[in-house]
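# Structural features, examined
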Amino acid sequence: MKGIYKITLLVGITILVSSCHNISAPNYQYFPNMYESLAYEPYAEASVFKGGKEAQLPANGTINRGFEPYEYENSTAGYELAKANLKSPLDSLDRKSEKGKELYEIYCMSCHGATGNGKGKLVEREKFLGVPSYKDREITEGSIFHVETYGLNAMGSHANQLNTHERWLVADYVLKLKSQL
């Protein structure tokens, strides 16, 4: 008798549980916009953007994450101002000449040479001509940083390859090379 009650109870619970599930009507969806989102073709006009633009622009005054503003403009006047006024924020503990040397060897030595004499491998192979020696130029840490940031003449900007701290390390190392020439 006990077995019949147990079997009847088990069948009853199974019928009760299975009757709650309806395949034709799925359960309630939380955040239905995530499950049934509208698909947009890339680079196509969309009515969700103002004026039918392809994408939205960032809000005015926003700054990219990790971006550090640089107040000197990319011009001769900006170069002269940076040369005269811009000072390194590195203190004596942050001036790691080994790291500056390592970065110089990666990004600068191929053109400027190991000693800063303007006789790097690319100059020796005549890929670039007229790379000046640091000895012949009036440079300051501000002018070096400015040129690393924006580039000058045939030299392109290194702001994408080196962050602000690394550019200051390279500028410090370049001044050490200049003092040795």
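Presented here is a report on the structure given in the accompanying data block. (Residues numbered from 1 in each chain as written. Predicted model: local features only at pLDDT ≥ 70, side-chain atom pairs only at ≥ 80, totals over all residues. Heavy atoms only, no water.)

## Looking at the overall build of the protein
As a reminder, the rule being used: Secondary structure is summarised from DSSP: a helix means a run of H or I of at least four residues, a strand means a run of E of at least two, and numbering begins at the N terminus for each. Any two residues whose heavy atoms approach within 4.5 Å are treated as being in contact. Note on areas: Shrake-Rupley with a 1.4 Å probe; residue coverage comes only from the protein chains shown.
The secondary structure content of the protein amounts to 8 helices and 0 strands. For the protein, the α and β elements follow one another from N to C terminus as α-α-α-α-α-α-α-α. For the protein, the share of sequence-separated contacts (at least 6 apart) that also reach a separation of at least 24 residues comes to 52%. For the protein, the accessible area works out to roughly 14100 Å², and carbon and sulfur atoms hold 56% of it.

## Observations concerning the environment of Glu 73
As a reminder, the rule being used: By the criterion applied in these results, polar contacts are pairs of N or O atoms within 3.5 Å in which, for protein atoms, one can donate a hydrogen and the other can accept it, and in which residues neighboring in sequence qualify only through two side-chain atoms.
Its place among the elements puts Glu 73 in the loop between α2 (32-35) and α3 (76-85). With residues up to four places along the chain from it excluded, the contact list for Glu 73 reads Gly 78, Tyr 79, His 146 and Tyr 150. Among the polar contacts made by the side chain of Glu 73, one reaches the side chain of Ser 75 at a distance of 2.8 Å.

## Digging into the packing of helix α4 (residues 97-107) against helix α8 (residues 164-180)
Using the following cut-off: Axis lines are fitted through C-alpha atoms, for helices just across the contact stretch, and the angle between N-to-C directions can take any value from 0 to 180 degrees. Here the word oblique covers every angle except those under 35 degrees (roughly parallel), over 145 (roughly antiparallel) and from 65 to 115 (roughly perpendicular). Basically, the charged four are Asp, Glu, Lys and Arg, the nonpolar ten are Ala, Val, Leu, Ile, Met, Phe, Trp, Tyr, Cys and Pro, and anything else, Gly included, counts as polar.
Contact geometry for α4 and α8: axes closest at 8 Å, N-to-C directions at 95°. Between α4 and α8, the crossing angle belongs to the class labelled roughly perpendicular. Along the contact surface, α4 presents Ser 97, Lys 99, Gly 100, Lys 101, Leu 103 and Tyr 104, while α8 presents Glu 166, Leu 169, Val 170, Tyr 173, Val 174, Lys 176 and Leu 177. Of the residues belonging to the contact of α4 with α8, the class tally is 7 nonpolar, 2 polar and 4 charged.

## Focus: the packing of α3 against helix α7 (residues 141-150)
Stated precisely, the cut-off is as follows: Note: crossing handedness is left-handed where the near helix turns anticlockwise from the far helix by less than a right angle, and right-handed where it turns clockwise.
Interhelical geometry of α3 versus α7 gives an angle of 140° and a closest axis separation of 6 Å. Classified by the angle their axes make, α3 and α7 are oblique. Once α3 is placed against α7, the crossing between them reads as right-handed. Judged by residue contacts, Gly 78, Tyr 79, Ala 82 and Lys 83 of α3 engage Gly 142, Ser 143, His 146 and Val 147 from α7.

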